[in-house]
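# Breakdown of the fold
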Amino acid sequence: MPVLEWAGPGSPDQAHLSRIPIAFISTGANCANKIIKDVVAASGFTVGKSPTVQKDKLHPFNLLLSGDACIYVFRQTPSASRPSAVIKESSRLSKQVFKRPKTPKYTYVKLGDLKPKCVVNVYGVVVFFKQPFKSRGTDFCSTLKITDQSNQNISCTIFCEKLEDHPKIFQNGDIVRMHRVKTQFYNGSIMLVNTHGFSVVTFDGTVGADVEPRTSSRFPNLEQEDRRTVEQLRSWAASEGLLPAVPSIPLSDAQPKAYFNLTCQLLAKAPVDSTCTLLRVWDGTRCPWSLLNVIVEPDVMEGPSMFSKEREKLIANILVYDNHAEFARQLKPGDFLRIYNLRAIPGSKKVPGLAGSQSAEEDHLAFHLHGGTAYGRGMRVLPESSPDVQQLKRVIEGFLEREDEEIDEVNDSELLEIACTPPESPSVEAAKCSAERRCSHDVQPETLADLKQRDRGRVHHVRVQLSSYEPHRLHQALKLYCSKCTLMQEIPDDEVVASLFSEASKGSESFSPPAWTASGSVEVPGDSLASPNRTLHVHLSSQLVYERKSRELMFLMGSTLEETCRLAAGYRHIVPVRSRGGGLELLDLTAPFLFRGRKRYYGCKRCSQPTLKEPNVEGDAVMDKKVVAEALGVQLMQSVLLMKLELRDATDTLEAFLWRDAELFFSLSPEDVAASQEAQNSIRFALESLCPPGGSVGQRPWLDLCLVAYEAEDDGGQRRTCYQVCHSTITRATLARSDPDPA
């Protein structure tokens, strides 16, 4: 890394500030030698702290030149005695403007040759990716996996403050070129992370497509050698089948229960609540299924609120949740989008704003983009130059040409009907929530200020308002709890669980199934009409087969997570297993050990002693999750909701936890919340009624709560008093305004 010292004008008492080093990253030392004593101007640099300021007593910062930074050099003629004279008398200068000195050819390392703790440049074909998402800090994070001719799959994690500095990946099969990434050894394999001076360029992976770089850089360095590398990777990826047959599925091919990618144009959008946004999109094709109609107030719709009857038949309503709702706020009507891992849910699932006229229709589809980033779930705005957007435009233009030139005007009666049809929303009584105590304690209500002066271990009755709550994203409040060892942990991400299923299905060993099982096979439908069905090995209880209860319990081998979820709809209990050591065993307990319909059950790693025994169900006894867990030697973990509530009254504020009695408080079990969007919506509506977003304190209802005080140790080892909400439940109030605070 050559360094050039740049001297500028300055007063004598600030001499150390008039000289600043310029560091060239990945450029030759010769370029610095050629401009000694010349006048230079630099642009596109970054500023970094000088590690040698205590030694050289120069400026406390360095100018770092890399990537697309430019240096402009003004040559001095021999008659010029000093730079200041040169600047004043421009006639004495022979001006030479240089772009960044010609970058030497980069050296690229094959993914199979990576070594730990090295900074390298690489090319790779994308086989998995997640769109950038907000990290807990100030940066956005994106993750991807790449491969090349060495057939090594390498994970990459990129943290950048600006979205435009992340790779612009549209689909699997795209090609990325990354400069200055650092290799690290993690979980037994090499991974890549960005380091100082990182840059990335993305190319379309389609054979025959133009080699046009996707990058925020105005002057990406692209040599003929780079073009050859991209073409070679394209040919290799095509021969290996790494490119999807189609990058997305049109609405005309959408099927119930399917997950798919959709390329579409945004026509209008509207907020439904604080964590859900409605997107109205089309792609010029018509879905063969009837679609649920989501109604919102016209004055909150951004974009047209009405379209012609013919166009309405082609428009799909998509509900996006949580982090995707935040991203949707930045979208503009007219944007072209690709939505990844969109789910088509059949039946009359309750969704925010669902039209009441469709509440009993089971053949309608609703499109949901759930929160989180599992399976690459997310959205991206596509540039109009994208080949997929050009194809989409042609389809849309074809429809517009067929559409009648004169759109039938909406007559007065139709307008009146539209204007007078209210959106489905909770009634005034239903929307006004409160809370009441369900305990029999003989305790007088007290203020929060008095409560804080009381002894620990006591029960308190308070009348308060909900000032705020955490977390706002409901899926983050769901936890797993072991009642035996009191361990509480996060519910594993679907991506982690899917990887465990994938690992368990590889290289199955020969084995002998337990003597009490009957072995067979089951056929699983493919992800789409074009995907072939798969045959999987299953093992059933011989006793249950004899009793004609074969669907009560199934031990399933070699399935993916999605296949297991599909089969769970037809079997009451599914236990995933793998072969090892000549027999069968449960998967790692990070994954669910049991599936019952849409519900998943986890075991505690500390307290479980996994085995494989036949569940003992005698007489009229019913097989349930506890019976299965006991037979498998698994300590069943409970799903719990853990939230932190900030309470207030006229005297003080207080933080209290809600978890042991969360089921009583919301009148919903955490199991149902984890498995049902309807249950999640119910809790979300209740919380927003108790603590309206953007609402004044006067609009918040008063809550009669029972609190228990106890002592606990915080992360720093200090003992402190904590409070927990107990014996309380949300109620529906019939009054528009509650009584004032008694304090």
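It should be emphasised that the depicted structure is a prediction, and the values quoted were computed from it without experimental measurement.

### Focus on the sheet that holds strand S32 (residues 638-641)
- Here 3 strands make up an open sheet; going across it, the order is S24-S23-S32 and the pairing antiparallel. Pairing within the sheet leaves two strands with one partner each, and these edge strands are strand S24 (488-490) and S32. Averaged over all adjacent pairs, the angle separating strand axes in this sheet is 40°, with direction ignored.
- Summarising the sheet, strand S23 (residues 478-481) and S24 pair through 3 bridges and their orientation is antiparallel.

### Considering the packing of aromatic side chains
- Within the structure shown, the criterion is met by 8 aromatic pairs.
- With a centroid separation of 5.1 Å and 90° between ring planes, the pair formed by Phe-665 and Phe-666 is classed as edge-to-face. Taken as a pair, Phe-665 and Phe-666 share a single burial class, namely buried.
- Members of the aromatic cluster, joined through ring pairs, are Tyr-106, Tyr-108 and Tyr-123.
- We note Lys-134 situated over the ring of Phe-140; from NZ or CZ to the ring centre the distance is 5.2 Å.

### Some words on the side chain of Lys-269
- Locating Lys-269 in the fold gives a position in strand S14 (residues 259-273).
- We classify Lys-269 as buried; its relative accessible area is 7%.
- A distance of 2.8 Å separates the side chain of Lys-269 from the backbone oxygen of Leu-331, its partner in a polar contact.
- Among residues more than four places away in sequence, those in contact with Lys-269 are Leu-278, Leu-279, Val-300, Met-301, Glu-302, Ala-328, Arg-329, Gln-330 and Leu-331.

### Points about the state of the cysteines
- Tallied over the entire structure, the rule returns 0 disulfides.
- Unpaired in this structure, Cys-141 has its nearest cysteine sulfur neighbour in Cys-160, at a distance of 9.6 Å.
- For Cys-141, a relative accessible area of 5% puts it in the buried group.
- This cysteine, Cys-706, is not joined by any disulfide, and Cys-726 carries the nearest cysteine sulfur, 3.8 Å off.

### Things to note about helix H4 (residues 224-240)
- Here H4 is 17 residues long and its end C-alpha atoms lie 25 Å apart, about the 24 Å a rise of 1.5 Å per residue gives.
- Where H4 is buried, its residues contact strand S8 (119-129), strand S10 (140-147), strand S12 (175-186) and strand S13 (189-203).
- Of the residues flanking the end of H4, it is Gly-241, one or two places downstream, whose phi is positive at about 70°.

### Some points on the side chain of Glu-688
- Mapped onto the elements of the fold, Glu-688 is located in helix H17 (residues 677-690).
- Here Glu-688 occupies a buried position and makes no salt bridge, while the nearest side chain of opposite charge, Arg-684, is found at 5.6 Å.
- Those residues in contact with Glu-688, other than ones at most four positions away along the chain, are Asp-273, Ser-274, Thr-275, Tyr-469 and Pro-693.

### Let's talk about the nonpolar core
- Counting 35 residues, the largest nonpolar core has Leu-641, Phe-665, Phe-666 and Leu-705 as the members making the most contacts within it.
- Secondary-structure elements contributing two or more residues to this core are helix H10 (448-451), strand S22 (459-470), strand S33 (643-648), strand S34 (653-658), helix H15 (662-666), H17, strand S35 (703-713) and strand S36 (719-726).
- If you tally residues by element for this core, the top one is H17, at 5 residues.
- Excluding anything up to four places from it in sequence, Phe-666 contacts Leu-641, Met-643, Leu-658, Ile-683, Leu-687 and Ile-730.
- Core analysis: the next-biggest nonpolar cluster, separate from the first, contains 33 residues, Leu-111, Leu-114, Leu-192 and Leu-267 among them.

### Let's talk about the environment of Phe-159
- With respect to the helices and strands, the residue Phe-159 is situated in strand S11 (residues 154-160).
- Spatially, the C-alpha atoms of Phe-159 and Gly-137 are 9.9 Å apart, while their sequence positions differ by 22 residues.
- Beyond its immediate stretch of four places on either side in the chain, Phe-159 contacts Ser-135, Asp-139, Phe-140, Cys-141, His-166 and Asn-194.

### Focus on helix H11 (residues 494-504)
- All of the buried residues along H11 are Val-497, Ala-498, Phe-501 and Ala-504. The arc that holds every buried residue of H11, seen down its axis, measures 125°, which confines them to one face.
- Summarising the contacts, the buried residues of H11 are in contact with helix H13 (561-567), strand S28 (574-580) and strand S30 (594-596).
- In this structure Asp-493 caps H11, since a side-chain oxygen of it lies 2.7 Å from the backbone nitrogen of Glu-495.

### Brief notes about the confidence of the model for the protein
- Of all residues in the protein, 78% attain a pLDDT of 70 or more, and the chain-wide mean is 78.
- pLDDT under 50 marks residues 404-431. Its contacts with residues more than four places away, or in other chains, come to 18 contacts.
- Contacts from residues 733-743, a stretch scored under 50 in pLDDT, to residues over four places away or in other chains number 22 contacts.

### Some remarks on the pattern of salt bridges
- According to the stated counting rule, one finds 24 salt bridges in the structure shown.
- A salt bridge links Lys-452 to Asp-652; the nearest nitrogen and oxygen atoms lie 3.4 Å apart. Highlighted residues: Lys-452 in the loop between H10 and S22 and Asp-652 in the loop between S33 and S34, separated in sequence by 200 residues.
- With a relative accessible area of 36%, Lys-452 lands in the partly exposed category.
- Connected through salt bridges with shared partners, the residues Lys-599, Lys-625, Glu-671 and Asp-672 form a single ionic network.

Conventions and cut-offs
- Position labels on residues start from 1 in each chain and follow its written sequence.
- Local features in a predicted model are, by the rule used here, given only for residues with pLDDT of at least 70; side-chain atom pairs are given and counted only at 80 or more, and totals for whole chains, interfaces and linings are based on all residues.
- Computation of side-chain values: all heavy atoms of the structure, hydrogens and water removed.
- Strand pairing is assigned whenever DSSP identifies at least 2 bridges connecting the two strands.
- Counting from the N terminus, the helices are the DSSP runs of H or I reaching at least four residues and the strands are the DSSP runs of E reaching at least two.
- Helix axes are fitted to C-alpha atoms over the stretch in contact, other axes to C-alpha atoms as well, and angles between N-to-C directions run from 0 to 180 degrees.
- A pair of Phe, Tyr and Trp rings is counted when the ring centres sit within 6.5 Å of each other, with Trp represented by its six-membered ring. The angle between the planes then sorts it: under 30 degrees is stacked, over 60 is edge-to-face, the rest tilted.
- In this scheme, a residue with accessible area under 20% of its type's maximum is buried, one over 50% is exposed, and one in between is partly exposed, where area comes from a 1.4 Å probe on protein chains only.
- Geometrically, a lysine NZ or arginine CZ counts as sitting over a ring once it is within 6 Å of the ring centre and also within 35 degrees of the ring normal.
- A 3.5 Å cut-off defines polar contacts: any pair of N or O atoms within that distance qualifies, except that in protein one atom must be a possible hydrogen donor and the other a possible acceptor, and neighbouring residues in sequence count only when both atoms are side-chain atoms.
- Only heavy atoms matter for contacts: two residues are in contact if any of them lie within 4.5 Å across the pair.
- For this text, the term disulfide refers to a pair of cysteine sulfurs within 2.5 Å.
- Here the expected length of a helix is defined as 1.5 Å per residue gap, with one fewer gap than residues.
- Note that His is not counted, nor are the chain ends; the positive residues are Lys and Arg, and the negative ones are Asp and Glu.
- By convention in these notes, a salt bridge is any Lys or Arg side-chain nitrogen within 4 Å of a carboxyl oxygen on Asp or Glu.
- Take the buried Ala, Val, Leu, Ile, Met, Phe, Trp, Tyr and Cys residues and link them wherever side-chain atoms come within 4.5 Å; each set so joined is a nonpolar core.
- This arc corresponds to the set of directions leading from the helix axis out to the C-beta atoms.
- One number per residue, pLDDT, summarises how confident the predictor is, and it ranges from 0 to 100.

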